[in-house]
Amino acid sequence: MKNALRLAVTAAIIAAAPMAAHAHRMWMLPSATVLSGNDPWLTVDAAVSNDLFYFEHQPMRLDGVKAIAPDGSEAKIENASTGRYRSTFDVHLTQSGTYKVVSAGDMLSGSYKVGTETKRWRGVQPEIPADATEVRVSQNQRRLEIFVTKGAPTTTVLAPTGKGLELLPVTHPNDLFAGEEASFKLQLDGKPAGDVEVEIVPGGIRYRDNLNEIKVKTAADGSFKVKWPEPGMYWIEAGVRGGPSSIPNAQRSASYITVLEVLKP
Amino acid sequence: MRKALPALALGSLAASPAVAADLNVTVEIPRLTVAEYHRPYTAIWLERPDQTAVGTFAVWYDVKLKNSEGEKWLKDIRQWWRRAGREMSFPVDGVTSPTRAPGRHTVSFNSAKGPLKGLPAGEYTLVVEAAREVGGRELIKVPVQWPPKAAKTTSAKGATELGAVTVVAKP
């Protein structure tokens, strides 16, 4: 018990240290998710904050943010800027269909002892001297995605990569309406992620007393359903610890976040 | 109303007694006392009991803006956009036209073309949705039995962005 606790605490510290997202909430907020017209643009705010969706803590780093066009090609991130509290960027929606904007990362971190001294490291490759003892390696895979659609929804960009924790929309993510039920599937490395808790928090936290979060567990096939209580922007997060890692002897954690817009019927 | 009369007359002339039927829809756009008024974007469409769209009768929007900029706001007619609009390309001949001024506007449709052509007999709903720039949005539903066995008038009344919507179905 004590050992397990210590391990958990260590893991939490390691995971939290390099990435504020775990202590707070990371998000990307699209200017719109349903668009019409010949020449629409999307603007995205990206931040790490406590309250949703207010930029009041840290900007989200934009390195590695990608926009995927409906045909699967990469769309350009334009007018990117990072301020004190938030980052912002634009995507010119030149194609019809569903775009995905994704910020994903796969990082390693850990600690080891040389003699009596404890060392910590972080990177994409383990950096451990041969004489190290008490070696701990953590693999942290994270993925944050948002979806926007110009014209009719399409599904090319919804295909998972098969790495880490991912959401497979069964109901199209730009076809969500208050009072209706939406279905999703959670996958870990392309396989169903069952028995995982999914947290769903409606935006607008600053102006209410309760978080009003919805918690659901995925079924054995990774599926879960949400009946949207009201229109608005929702922050959805799921995370898993453990499970197989591509790095030997690493403790793996994987998280997935999306921000979905639920419209008024 | 006056403008609509020729269309009405034409509709009845074109009607061949055996299969043809007409649907005349009168939409009242209320006069609103607001600082900044824009004529509402309006869509008129027909849906089945499961809310899937049979087709779009009419869309009134800023068709004349340069670079088709008026289309940017079509999604604000949000229920229609979900049910039909997002699958369409604009403008659509015989369907899209400029926004209408406050007053009563009658538009006529018949079984010779558009959504009513070859429509299986059954219960349908005519939907009118209006969304106004810097204003509100309202949706009104009127039940329609098709084809009509006898002339029948059904109507519903809006509260904010739409006045009375009257549907006259005639065999």
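Above this text sits the structure in question.
To keep things clear, this report deals only with the structure shown in the data block. In this text, all values refer to a predicted model and were calculated from it rather than measured experimentally.

**Considerations on the overall build of chain B**
Each helix and strand counted, chain B has two helices and nine strands in total. Along chain B, helices and strands appear, N-terminal first, in the series α-β-β-β-α-β-β-β-β-β-β. Going through the 171 residues of chain B one by one, you find that 46% of them count as buried. For chain B, the share of sequence-separated contacts (at least 6 apart) that also reach a separation of at least 24 residues comes to 62%.

**Notes on the overall build of chain A**
Secondary structure assignment for chain A yields one helix and 19 strands. In summary, chain A has a C-alpha radius of gyration of 19 Å against a globular reference of 18 Å for 265 residues, a match within 12%. Expressed along its principal axes, the backbone C-alpha trace of chain A runs to roughly 65 × 40 × 35 Å. Taking all 265 residues of chain A together, the buried fraction comes to 48%. Taking all contacts inside chain A whose residues are at least 6 apart in sequence as the whole, residues at least 24 apart take part in 64%. Split by element, the accessible area of chain A, about 12,600 Å² in all, is 50% carbon and sulfur. If the 29 positive side-chain charges of chain A are averaged to one point and the 29 negative ones to another, these points end up 5 Å apart.

**Side note on the sheet that holds strand β4 (residues 96-97) of chain B**
The sheet built from five strands is open, its strands ordered β4-β3-β2-β6-β7 (chain B) with mixed pairing. One side of each edge strand has no neighbouring strand; the edge strands of this open sheet are β4 and β7 (137-146) of chain B.

**Describing the pairing of β7(B)**
Along any regular strand, the residues point their side chains to alternate faces of the sheet. All names here are of chain B. By the alternation rule, side chains of β7 split into Glu-138, Ile-140, Val-142, Val-144 and Trp-146, which are all buried, and Arg-137, Leu-139, Lys-141, Pro-143 and Gln-145, of which none is buried. As defined by bridge partners, strand β6 (residues 122-131) adjoins β7 across 10 bridges and the pair is classed as antiparallel. Note on β7: the bridge partner recorded for Glu-129 is Leu-139.

**Section: the nonpolar core**
Residue and element names in this part refer to chain A. If you look at the biggest cluster of nonpolar residues, it comprises 32 residues, and the most contacted ones within it are Met-28, Met-60, Phe-89, Val-91, Val-101 and Trp-235. Mapped onto this core, the elements with two or more residues apiece are β1 (25-30), β3 (41-49), β5 (65-68), β8 (87-92), β9 (97-114), β11 (133-150), β18 (232-241) and β19 (250-262). The residues touching Val-91, leaving out its near neighbours within four places in the chain, are Trp-41, Leu-42, Ala-67, Ala-75, Lys-76, Ile-77 and Tyr-99.

**Digging into the sheet that holds strand β5 (residues 103-110) of chain B**
Residues and elements named next belong to chain B. The four strands are arranged β5-β1-β9-β8 in an open sheet whose pairing can be described as antiparallel. Pairing within the sheet leaves two strands with one partner each, and these edge strands are β5 and β8 (152-157). Neighbouring strand axes in the sheet, compared pairwise and without regard to direction, differ in orientation by 15° on average. As judged from the six bridges shared by β8 and strand β9 (residues 164-170), these two strands associate in the antiparallel manner. Looking at the pairing, Thr-153 lines up with Val-168 of β9.

**Points about the interface of chain B and chain A**
Facing 15 residues of chain B, the contacting portion of chain A comprises 14 residues. For the chain B and chain A pair, buried surface summed over both sides reaches about 1,200 Å², with 45% attributable to carbon and sulfur atoms. Of all residues in chain B, B:Arg78, B:Arg82 and B:Arg86 give up the largest surface area on contact with chain A, accounting jointly for 48% of the area buried on that side. Linking chain B with chain A are three salt bridges, by the criterion used here. The salt bridge involving B:Arg82 is made with A:Asp175; its shortest N-O contact spans 2.9 Å. Viewed at the interface, chain A and chain B are joined by 11 residue pairs in polar contact (both at pLDDT 80 or more). Ranked by residues supplied to the side of chain B that touches chain A, first place goes to helix α2 (residues 78-83) of chain B with five residues. The residue makeup of the side of chain B that touches chain A, split by class, is three nonpolar, three polar and nine charged.

**Considerations on unusual backbone geometry**
With an omega of -5°, the peptide bond between B:Phe90 and B:Pro91 qualifies as cis. The omega angle of the peptide bond from B:Trp146 to B:Pro147 is -5°, so this bond is cis rather than trans. With respect to the helices and strands, the residue B:Pro147 is situated in the loop between β7 and β8. Of note in the backbone geometry, A:Asp195 takes a positive phi value of approximately 60° without being a glycine. Relative to the elements of secondary structure, A:Asp195 occurs in the loop between β14 (191-192) and β15 (197-202). With phi around 50°, B:Val134 is a residue other than glycine that occupies positive phi space. Within the secondary structure layout, B:Val134 lies in the loop between β6 and β7.

**Some remarks on the side chain of A:Lys100**
Residues and elements named next belong to chain A. Note on placement: Lys-100 falls in strand β9. For Lys-100, a relative accessible area of 6% corresponds to the buried category. Polar side-chain contacts of Lys-100 include one of 3.2 Å to the side chain of Glu-145. At a separation of 3.0 Å, a polar atom in the side chain of Lys-100 contacts the main-chain carbonyl oxygen of Val-157.

**Considering the pattern of salt bridges**
All names here are of chain A. Within the structure shown, the criterion is met by 15 salt bridges over all chains. In this structure, Glu-145 engages Arg-143 in a salt bridge whose closest nitrogen and oxygen atoms are separated by 2.9 Å. Taken individually, Glu-145 and Arg-143 each receive the classification buried, so the pair is uniform in this respect. Put simply, Asp-195 and Lys-217 hold a salt bridge, and the shortest N to O gap is 3.8 Å. With Asp-195 in the loop between β14 and β15 and Lys-217 in strand β16 (residues 214-217), this residue pair connects regions lying 22 residues apart in the sequence. Since its relative accessible area comes to 57%, Asp-195 is described here as exposed. Connected through shared salt-bridge partners, Lys-100, Arg-143, Glu-145 and Glu-166 make up one network.

Cut-offs and rules
Residues numbered from 1 in each chain as written. Chains lettered and ligands numbered in written order. Predicted model: local features only at pLDDT ≥ 70, side-chain atom pairs only at ≥ 80, totals over all residues. Heavy atoms only, no water. Helix = DSSP H or I, 4+ residues; strand = E, 2+ residues; numbered from the N terminus. Buried < 20%, exposed > 50% of the residue type's maximum accessible area, 1.4 Å probe, protein only. Contact = heavy atoms within 4.5 Å. Rg over C-alpha atoms; globule rule 2.2 N^0.38 Å. Areas by Shrake-Rupley, 256 points an atom, 1.4 Å probe, with all protein chains shown as cover. Lys, Arg positive; Asp, Glu negative; His and termini not counted. Charge placed at Lys NZ, Arg CZ, Asp CG, Glu CD. Pairing = 2+ DSSP bridges. Core = buried A, V, L, I, M, F, W, Y, C linked by side-chain atoms within 4.5 Å. Axes fitted to C-alpha atoms, helices over the stretch in contact; angles between N-to-C directions. Buried area = accessible area lost by both parts, 1.4 Å probe. Salt bridge = Lys/Arg side-chain N within 4 Å of Asp/Glu carboxyl O. Polar contact = N/O pair within 3.5 Å; in protein donor to acceptor, adjacent residues only side chain to side chain. Nonpolar A, V, L, I, M, F, W, Y, C, P; charged D, E, K, R; others polar.

None of this, on its own, says anything about what the molecule does.
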